[in-house]
Amino acid sequence: MFNKILAAIDASDSSKKAFEEALSLAKLNNAQLMLVHVLSPLDEGYPTLMFPGAADVYPNLYDEIIKSYKSQWEEFEEQNLNMLRSLSAEASKEGITVEFSQNTGDAGKTICNVASSWRADLIVIGRRGHRGLSELLLGSVSNYVIHHASCSVLTIQGTMLGSVEASQNEAHAAVVR
């Protein structure tokens, strides 16, 4: 029986499926739910600075670059907090005791650390389906969590890029429309 379920959340489709699964399990087990998001450079909308050396070429532009980056960062952070608040409200409507945490750092390590300190019984995490070179270059948060978590881990498979099943689902969706 699971009493404390941690759901690792980002804006991906597999994460949305992971949240739905975590919510169902929390209802079934009358468990507490913790939503965790780690701000990551791999997230869509992550702010970036202008090209390196811009301050040397345009010395007066440096302060503007920093102000712009700070503004972008605050907007990015707030957008993700709003996502967590929305999901938290959805879980609360279902009668689930829920809390959330947004962190910065290495996603896999942070998820494992939060799960350990919160004493989670289960981590529910989406898997984007990266394989081969893309997994080697980007790494795999779910793979890290599976191998380093102090509790059970449930991975929810997202749509794999280029898979036959994904192509069939897209064709079916087009026919249904």
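Scroll up a little and you will see the structure.
The text that follows walks through the structure, step by step, so that each part is easy to find. Note that this is a predicted model, so its numbers are computed, not measured.

## Describing the pattern of salt bridges
Oppositely charged side chains can pair when the atoms bearing their charge come close.
Right, on to step 1. Under the definition given, this model contains two salt bridges.
Right, on to step 2. A salt bridge links Lys 27 to Glu 94, with the nearest nitrogen and oxygen atoms 2.9 Å apart. Separated by 67 residues along the polypeptide, Lys 27 in helix H1 (residues 13-29) and Glu 94 in the loop between helix H3 (62-93) and strand E3 (98-104) bring together distant segments of the chain.
Right, on to step 3. On the accessibility criterion, Glu 94 (41% relative accessible area) is partly exposed.
Right, on to step 4. Between Glu 78 and Arg 85 there is a salt bridge, with its nearest N and O atoms 2.9 Å apart.

## Some remarks on the side chain of Asn 80
Right, on to step 1. With respect to the element layout, Asn 80 can be found in helix H3.
Right, on to step 2. Among the polar contacts made by the side chain of Asn 80, one reaches the main-chain carbonyl oxygen of Phe 76 at a distance of 2.9 Å.
Right, on to step 3. When residues no more than four places from it in sequence are discounted, the contact partners of Asn 80 are His 37, Leu 39 and Gln 102.

## Quick word on the state of the cysteines
Right, on to step 1. All told, the structure shown has zero disulfides when counted by the stated rule.
Right, on to step 2. The closest cysteine sulfur to the non-disulfide-bonded Cys 112 is located on Cys 151, 7.9 Å from its own sulfur.
Right, on to step 3. Judged by relative accessible area, Cys 151 falls into the buried class, the value being 15%.

## Focus: the sheet that holds strand E4 (residues 122-127)
Right, on to step 1. Within the open sheet, the five strands sit side by side as E3-E2-E1-E4-E5. Their pairing is parallel. Every other strand in the sheet has two partners, leaving E3 and strand E5 (152-157) as the edge strands with one partner each. Averaged over all neighbouring strand pairs, the angle between strand axes comes to 20°, with direction disregarded.
Right, on to step 2. Strands strand E2 (32-39) and E3 of the sheet are contacted by H3, whose axis makes an angle of about 160° with E3.
Right, on to step 3. The strands touched by helix H6 (residues 141-148) within the sheet are E4 and E5, with E4 carrying the most contacts at an inclination of about 155°.

Thresholds applied
Residues numbered from 1 in each chain as written. Predicted model: local features only at pLDDT ≥ 70, side-chain atom pairs only at ≥ 80, totals over all residues. Heavy atoms only, no water. Salt bridge = Lys/Arg side-chain N within 4 Å of Asp/Glu carboxyl O. Helix = DSSP H or I, 4+ residues; strand = E, 2+ residues; numbered from the N terminus. Buried < 20%, exposed > 50% of the residue type's maximum accessible area, 1.4 Å probe, protein only. Polar contact = N/O pair within 3.5 Å; in protein donor to acceptor, adjacent residues only side chain to side chain. Contact = heavy atoms within 4.5 Å. Disulfide = S-S within 2.5 Å. Pairing = 2+ DSSP bridges. Axes fitted to C-alpha atoms, helices over the stretch in contact; angles between N-to-C directions.

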